[in-house]
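# Structural overview
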Amino acid sequence: MQAAVVYIGDRLKNLRTLNALTQAELADRAGLTTAAVARVERDEVEPRPSTLRKLAKALNVQPRDLIEG
């Protein structure tokens, strides 16, 4: 049985805009590239657990908040 694919694009974008951050600002806070943040927001990639943790920390939320909304 294959694990479910987790796409968080809409939730990530909503949290980023609620925090009044650009993709570049979020990327800088999370230690990622702007392109990486953009790809996650467009659901082009499923974020690795480590990326998920970095994004959550940068947004001051728990990783599950990105997954479960």
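What comes next concerns the included structure. Note that the structure is predicted; figures quoted are calculated from it, not measured.

### Side note on the overall build of the protein chain
Looking only at helices and strands, the protein chain has five helices and zero strands in total. For the protein chain, the succession of helices and strands along the chain, N to C, is α-α-α-α-α. For 69 residues, the compact-globule estimate of 2.2 N^0.38 gives 11 Å, and the protein chain sits close to it at 11 Å. Based on the C-alpha atoms only, the size of the protein chain along its principal axes is roughly 40 × 20 × 20 Å. Residues counted as buried form 35% of the 69 residues belonging to the protein chain.

### Quick notes on the nonpolar core
Ranked by size, the top nonpolar core spans 18 residues in total, and within it Ile8, Leu12, Leu26, Leu55, Leu59 and Leu66 carry the most contacts. Broken down by secondary-structure element, the contributors of at least two residues to this core are helix 1 (9-18), helix 2 (23-30), helix 3 (34-41) and helix 4 (49-58). Ranked by the residues each element gives to this core, the list is headed by helix 4, at four residues. Other than its neighbours up to four places away in sequence, Leu66 contacts Ile8, Arg11, Leu12, Leu15, Leu52, Leu55, Ala56, Leu59 and Val61.

Cut-offs and rules
- Residues numbered from 1 in each chain as written.
- Predicted model: local features only at pLDDT ≥ 70, side-chain atom pairs only at ≥ 80, totals over all residues.
- Heavy atoms only, no water.
- Helix = DSSP H or I, 4+ residues; strand = E, 2+ residues; numbered from the N terminus.
- Rg over C-alpha atoms; globule rule 2.2 N^0.38 Å.
- Buried < 20%, exposed > 50% of the residue type's maximum accessible area, 1.4 Å probe, protein only.
- Core = buried A, V, L, I, M, F, W, Y, C linked by side-chain atoms within 4.5 Å.
- Contact = heavy atoms within 4.5 Å.

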